[in-house]
Amino acid sequence: KEPVVGSSILGALQKYFELAIQRAYPDLTDAPVVVTVSGNSKFGDYQCNSAMQIAQLLKNQGLKSNPREVAQKLVSEVPEFSWVRKLEIAGPGFINITLDRSIGHRALSELLTKGVQPPPIERKMTIVVDFPSANIAKDMHVGHLRAGIIGESISRLLEFIGHNVLRIDHLGDWGTQFGMLIAHLQDIFPDYQTKSPPIGDLQKFYKESKKRFDEDPDFKKRAYECVVKLQSFDPVYKKAWELICDVSRKEFQKIYARLDITSEEYGESFYQTRMEAVVKELEQKGLLEEDEGRKVMWGRKDRIPFTIVKSDGGFTYDTSDMATIKFRIHEQKAEWLIYVTDAGQATHFEVLEACAIKAGIMDPEKVRMDHMAFGVVLGEDKKKFKTRSGETVKLAALLDEGLKRAGEKLKEKGRDQVLTPEELKKAQEALAYGCIKYADLSHNRIHEYVFSFDKMLEDKGNTAVYLLYMLTRIRSIARLAGHTSETLKELAKSTPVSLDHEKEWNLAKVLLRFTETLEKITRDLGLHHLCEYLYELSTVFSEFYDNCYCVEKDSKGEIKVIHVGRLLLCEATATVMEKCFNILGIRTVSKM
Ligand code: ARG
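Residues numbered from 1 in each chain as written. Predicted model: local features only at pLDDT ≥ 70, side-chain atom pairs only at ≥ 80, totals over all residues.

A short note on the environment of Asp381
Phase 1 of the analysis: Within the fold, Asp381 resides in the loop between strand E13 (377-378) and helix H13 (395-412).
Phase 2 of the analysis: Asp381 gets classed as exposed once you count the C-beta atoms within 10 Å, which come to 9.
Phase 3 of the analysis: Here the alpha-carbon distance between Asp381 and Phe178, two residues 203 residues apart in the chain, equals 36 Å. (Helix = DSSP H or I, 4+ residues; strand = E, 2+ residues; numbered from the N terminus. Buried ≥ 20, exposed ≤ 12 C-beta atoms within 10 Å, placed from the backbone.)

Here it is as C-alpha cells:
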C-alpha cells in the first residue's frame, strides 16, 4: 500500500525496506532497517544504510557476502512505489533514495487547502498526562514551571494526533502538614467557619505553624488530631482545609492562566477512600511486609520499598500513587500514563510501576507508562536557581521580569514606534512567555538547564525571538504582495507549489518531515526534536528566500512579477511553523 499523504515518508520507507530485507534474507531475523534523511541532496533525499550491516551479519555466520551485492539484492526486492523516482547504489553499499517531486506537490497542496494534518494513528488511546502537580501551602517553584510547560506541550501534541488526553493536576493537597495548618488557623482565626480568613501569604503562614509544630508538643498533638478529623471528612476541619487550599489554588491558577496551561485538578485528597481500599487489597494479596512498624511493599527486592502505611497508620505519597494508578487504569481506562516531574523522582516511579505490575493493577502489555523526567533549573552561576538573597524565586516575579525584558527588547528594535499599543502588548506577552517556554522545551528535558533571560532573548540562533520574528517576516512577504492566507489557500486549489529550484525542493522536503518529527516525539517524548525541527525549517526557509525571488520589483520599486508558486511555499512554511508553536504552547502574533 502506498503511504497516504500526511503520513511519514521515513516511516513508509522503513516499512518498504523492512519488507525488502525479509524477502531477500528470510533467515536473518535481526537485520537492522536503517533509513535516514540524507545529509546532502547529491546523495538523494533519503538513504538506506542496511546493506553494510547485513553483509557483516552474513559474514559472522560464515557466509560469503559483499555489501554492494547485498544492496543490489535489496533494491531488486523493494516493492514498486510511485513516489520514489530512483534508487541508486553508491560507495560501499549505500542506497540513495530520490523522491519523485510529485509527492511534494500533492502533500503541500493538501497542506495548504486542508491545514496541517496529523500523522495517522493505529488507534485512539486514552492518555493521562500528570502535570503540573504543585503542592498546597508550599512554594510553587521553577520545577513546577517546567512540569507545566512540558506537560502542556506534550498534551497538545497528543491531542493533535487524535488521542483522548486527560490532563490531570495531581495537586499535593493532602497529608499531615494540613494538621498543623488547620490547628494554627483555629488559633489565630477562630471564626473561620463564618468569615474567610485573611491569609495573604501562605508561605509565611506555613512557616509559623511549622515553628509551633516543632516547638510546642501540645500543638503537635492537636495537629495530629486535626489530621485524623480531616481524613474522616469532619465538616469543620474540611472547611478549614478548603480555605487554606483556596489560597494556594488562586495563586497557582494565575500563573497557569498567564502561561496558557490547563490541567484538571484531581488532588491527592480525591483518593482518600481509594487509598483505604487499595491498602486492603494489597494486604489481602499478601503483598505488605512489616518493617519497623511500617507496612511496605517491594516492587523488586534490590530496590527501595514502597511505604504503604506509616507507623502511625497514616498514608504516604506512595500510597496515594498506588490508589491513583489504579483509578487511572481501571476507572479512567487510560492505556498510557505520563508523569511529568523532576528527574529526582525517577526511583519513585520505577518502584510504583513495579509494584503496580506485581499487584496485578497494571498489565505492562496493555498499559504504557512513562516518567517524563526533567533536570533541575540552574541560575546563570550554574548553581541552583535562587534569588540573590538565596530564596526560591517566586514565579509571578519571574514572569513579570520576563515581560519587562521582552518590552525592552521590542523597544531596542524600535518596535514601539511601529506597532499600536495593543499590538505591542500582544507581542510583549508572546515574546516573554514564549521565550521562557522555548528555552525550556528546546533543551533535552533530561539535562539540567540554565535559566538566562539574556540567552533566551537573543535575536540569533535557536531562540523564540528569532523564530517568532521569522514567522512574522514570512507572513509579511505575502502581505506585501497583496495576498492573505485566505487568497493563497484559494489559489492553492489551482496553482501548484513551485518545486523546481533546488532550494525550493529542500524546503519542501523539510515541510514533509513534520509528521516524522511528531512520530519521533511519541516514541521518546523529546519535545526538543520539535524545536530542532522548527529551527531547521526556518534555516532552510532563509536559504530558499535568499535564492528565490517571491516578488520582483522594477527600478522604481513597483511590483513587476509575483511568483505565486513561491508564495505558496511561504504560506506552507508559515502554516507549519504556526502549528509547531501551537504544540509548544507558544502564542504567535501577526506583527511584532
Ligand atoms: N506534587 C509532587 C511534587 O511536587 C508531584 C506529583 C507528581 N504526580 C504524581 N502522581 N506523583 O513533587
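Text resumes after the structure shown.
Some words on the UniProt feature "domain: Arginyl tRNA synthetase N-terminal" (unreviewed entry) in the chain
Phase 1 of the analysis: Mapped onto this numbering, the UniProt entry annotates "domain: Arginyl tRNA synthetase N-terminal" (unreviewed entry) at residues 11-99.
Phase 2 of the analysis: Between the C-alpha atoms that bound residues 11-99 the distance is 14 Å, and the span itself is 40% helix and 21% strand. (UniProt positions renumbered as here; feature names shortened; annotations may be inferred.)

Here we look at the packing of helix H6 (residues 177-188) against helix H8 (residues 217-231)
Phase 1 of the analysis: Their axes nearest at 7 Å, the elements H6 and H8 cross at an angle of 110 degrees. Between H6 and H8, the angle falls in the class roughly perpendicular. Between H6 and H8, the contacting residues are Phe178, Gly179, Met180, Ile182 and Ala183 on the first element and Phe219, Arg222, Ala223, Tyr224, Cys226, Val227 and Leu230 on the second.
Phase 2 of the analysis: A per-class count over the contact of H6 with H8 returns 10 nonpolar, one polar and one charged. (Axes fitted to C-alpha atoms, helices over the stretch in contact; angles between N-to-C directions. Parallel < 35°, antiparallel > 145°, perpendicular 65-115°, else oblique. Contact = placed C-beta atoms within 7 Å. Nonpolar A, V, L, I, M, F, W, Y, C, P; charged D, E, K, R; others polar.)

A word on unusual backbone geometry
Phase 1 of the analysis: Backbone torsion omega between Phe131 and Pro132 reads -15 degrees, so that peptide bond is classified as cis.
Phase 2 of the analysis: Along the chain, Pro132 turns up in the loop between strand E5 (126-130) and helix H5 (142-160).
Phase 3 of the analysis: In this structure, Lys382 takes a positive phi of about 65 degrees despite not being glycine.
Phase 4 of the analysis: With respect to the helices, strands and loops of the structure, Lys382 is situated in the loop between E13 and H13.

Observations concerning the UniProt feature "domain: DALR anticodon binding" (unreviewed entry) in the chain
Phase 1 of the analysis: The residues that UniProt annotates with the feature "domain: DALR anticodon binding" (unreviewed entry) are residues 467-592.
Phase 2 of the analysis: A distance of 11 Å separates the end C-alpha atoms of residues 467-592, which is 67% helix and 6% strand.

Side note on the sheet that holds strand E7 (residues 264-265)
Phase 1 of the analysis: The strand order across the open sheet formed by five strands is E7-E6-E5-E11-E12, and the pairing between neighbours is parallel. The two strands at the open ends of the sheet, each matched to only one other strand, are E7 and strand E12 (368-374).
Phase 2 of the analysis: Two elements, E5 and strand E6 (residues 164-169), share five bridges in a ladder whose sense is parallel. Bridge pairing links Asp130 to Ile168 in E6. (Pairing = 2+ DSSP bridges.)

Let's talk about the site of the ligand
Phase 1 of the analysis: In the vicinity of the ligand, the residues found are Asp130, Ser133, Ala134, Asn135, His170, Gly172, Asp321, Thr324, Tyr339 and Thr341.
Phase 2 of the analysis: Listed by contribution, the elements that provide at least two residues to the shell around the ligand are helix H11 (317-331) and strand E11 (336-342).
Phase 3 of the analysis: Along the lines of polarity and charge, the residues of the shell around the ligand split into two nonpolar, six polar and two charged. (Near = placed C-beta within 6 Å.)

Considering the nonpolar core
Inside soluble globular proteins, nonpolar side chains tend to come together where they are buried.
Phase 1 of the analysis: Ranked by size, the top nonpolar core spans 159 residues in total, and within it Ile182 and Cys435 carry the most contacts.
Phase 2 of the analysis: In terms of residue count, the dominant contributor to this core is helix H22 (residues 564-584) (13 residues).
Phase 3 of the analysis: Excluding residues within four positions of it along the chain, Cys435 makes contact with Gly402, Ala406, Met456, Leu457, Thr463, Ala464 and Val465. (Core = buried A, V, L, I, M, F, W, Y, C linked by C-beta atoms within 7 Å.)

Considering the sheet that holds strand E9 (residues 294-297)
Phase 1 of the analysis: Here we have three strands laid out as an open sheet, ordered E8-E9-E10, and antiparallel in their pairing. Both outer strands of the open sheet, strand E8 (289-291) and strand E10 (306-309), are each paired with one neighbouring strand and no more. Direction aside, the axes of adjacent strands within the sheet are offset by 50 degrees on average.
Phase 2 of the analysis: Of the pairings in the sheet, the one linking E8 to E9 comprises three bridges and is antiparallel in character. Note on E9: the bridge partner recorded for Glu290 is Lys295.

Comments concerning the confidence of the model for the chain
Phase 1 of the analysis: Residues of the chain with pLDDT of at least 70 account for 99%, and the chain-wide mean is 94.
Phase 2 of the analysis: Model confidence for the complex: the whole-complex pTM is 0.94, and ipTM, which rates the interface, is 0.99. (pLDDT = per-residue confidence, 0-100.)

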